[in-house]
Amino acid sequence: EAQVTQNPRYLITVTGKKLTVTCSQNMNHEYMSWYRQDPGLGLRQIYYSMNVEVTDKGDVPEGYKVSRKEKRNFPLILESPSPNQTSLYFCASSLRVKNQPQHFGDGTRLSIL
Amino acid sequence: GESVGLHLPTLSVQEGDNSIINCAYSNSASDYFIWYKQESGKGPQFIIDIRSNMDKRQGQRVTVLLNKTVKHLSLQIAATQPGDSAVYFCAEKIIARTGNQFYFGTGTSLTVIP
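Residues numbered from 1 in each chain as written. Chains lettered and ligands numbered in written order. Predicted model: local features only at pLDDT ≥ 70, side-chain atom pairs only at ≥ 80, totals over all residues. Heavy atoms only, no water.

A. The arrangement of the overall build of chain B in detail. A count of helical and extended segments in chain B gives zero helices and eleven strands. Over its C-alpha atoms chain B spans a radius of gyration of 14 Å, differing by no more than 12% from the 13 Å that the globule rule assigns to 114 residues. Projected onto the principal axes, the alpha-carbon positions of chain B cover approximately 45 × 30 × 20 Å. When burial is assessed residue by residue, chain B has 47% of its 114 residues classed as buried. Accessible area for chain B stands at about 5,400 Å²; split by element, carbon and sulfur atoms hold 47% of it. (Helix = DSSP H or I, 4+ residues; strand = E, 2+ residues; numbered from the N terminus. Rg over C-alpha atoms; globule rule 2.2 N^0.38 Å. Buried < 20%, exposed > 50% of the residue type's maximum accessible area, 1.4 Å probe, protein only. Areas by Shrake-Rupley, 256 points an atom, 1.4 Å probe, with all protein chains shown as cover.)

B. Layout of the pairing of strand β3 (residues 19–25) of chain A. Residue and element names in this part refer to chain A. Burial of β3 is extensive: five of the seven residues sit out of reach of the surface. As paired elements, strand β1 (residues 4–7) and β3 share four bridges and run antiparallel to each other. Paired with Val4 across the bridge in β3 is Gln25. Inspection of the sheet shows β3 paired to strand β8 (residues 76–78) by three bridges, in the antiparallel sense. Counterpart to Leu19 in the pairing with β8 is Leu78. (Pairing = 2+ DSSP bridges.)

C. Structural detail: the side chain of Gln102(A). Here Gln102(A) lies in the loop between β9 (87–94) and β10 (103–104). In this structure the side chain of Gln102(A) is engaged in a polar contact, spanning 3.0 Å, whose partner is the side chain of Tyr35(A). Ignoring any residue separated from it by four or fewer positions in sequence, one finds Gln102(A) in contact with Tyr31(A), Ser33(A), Tyr35(A), Ala92(A), Ser93(A), Ser94(A), Tyr36(B) and Phe102(B). (Polar contact = N/O pair within 3.5 Å; in protein donor to acceptor, adjacent residues only side chain to side chain. Contact = heavy atoms within 4.5 Å.)

D. Quick peek at the interface of chain A and chain B. Counting residues at the interface gives 24 residues for chain A, matched by 26 residues for chain B. In this structure, the connection of chain A to chain B is made through zero salt bridges. Taken together, the links from chain A to chain B amount to six residue pairs in polar contact (both at pLDDT 80 or more). Of all the elements in the fold, those that place two or more residues in the side of chain A that touches chain B are β4 (31–38), β5 (42–51) and β6 (54–57) of chain A. (Salt bridge = Lys/Arg side-chain N within 4 Å of Asp/Glu carboxyl O.)

E. How the structure looks around the pairing of strand β11 (residues 108–112) of chain A. All names here are of chain A. Of the two faces of β11, only the one carrying Thr108, Leu110 and Ile112 is buried; Arg109 and Ser111 on the other face are not. Bridge count for strand β2 (residues 10–13) against β11 is four bridges, and the pairing is parallel. Of the residues in β11, the one forming a bridge with Thr13 is Ile112. In terms of strand pairing, β9 meets β11 through three bridges, oriented antiparallel. Paired with Ser87 across the two strands is Leu110, which belongs to β11.

F. Quick peek at the pattern of salt bridges. Going through the model one piece at a time under the given rule, you end up with eight salt bridges over all chains. Taking the shortest distance from any N to any O, the salt bridge between Arg36(A) and Asp38(A) comes out at 2.9 Å. Judged by its relative accessible area of 9%, Arg36(A) is buried. Taking the relative accessible area as the measure of exposure, Asp38(A) reaches 11% and is therefore buried. Residue Asp31(B) pairs with Lys93(B) through a salt bridge whose shortest N-O separation is 3.2 Å. You can see Asp31(B) sitting in the loop between β3 (19–25) and β4 (32–38) and its partner Lys93(B) sitting in strand β9 (residues 86–95), a full 62 residues away along the chain. Among the charged side chains, a network of salt bridges with common partners joins Lys18(A), Lys65(A) and Glu79(A).

G. View of the packing of aromatic side chains. One pass over the structure, following the stated rule, counts ten aromatic pairs over all chains. Plain terms: the ring middles of Phe104(A) and Tyr36(B) are 5.3 Å apart, the flat faces sit at 85 degrees to each other, and that makes the pair edge-to-face. Note that Phe104(A) is positioned in strand β10 and Tyr36(B) in strand β4, a pairing that runs across two chains. Like Tyr36(B), Phe104(A) is buried. (Phe/Tyr/Trp six-rings, centres within 6.5 Å; stacked < 30°, edge-to-face > 60°.)

Below is the structure:
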């Protein structure tokens, strides 16, 4: 089954404790992206990657890091999480060819205390 | 950043009626637009898309209209069903310096009344 898998689905942690949210897709997609979803603000793009070893900032990259060492994986790293990063996070992927819709994972709910 | 907004945050329709969800975008350079449906506890699910060189595209029970003159996008759902109850997002794609950036609207919650 074609899918985007995020782990963990839920996490409660404390300020300053480094965490990683993993994202993996099995569709051989070149393009991958991370979003955060907050009430009243919709989805905002954090980082995106056009292909392996190519990443760039989206609209709200502060406090986040990403890496793209393999095509299928695109982890989101919070080096020193803060409470304002409490949110619902989505990973998405698509083919790189022009104008393709993204496939989304089911989300990771992070609570930073 | 770019703004993509929706005219109504909530919409209630009777089962069987048609639904229209609207979206305004601000960047005339956007070349691709997508509508997504999000059900509770799930990620956004693709419904229909449209390129900027088109003004209308039809799918199964759904139609997207694009008016570039006023930067307006709409999603029409025919014969709305209870399973259509969800939050709907529009998104626009902009070609940034190193790739594709996407901007999403804040969403419209559609409730279908049986």
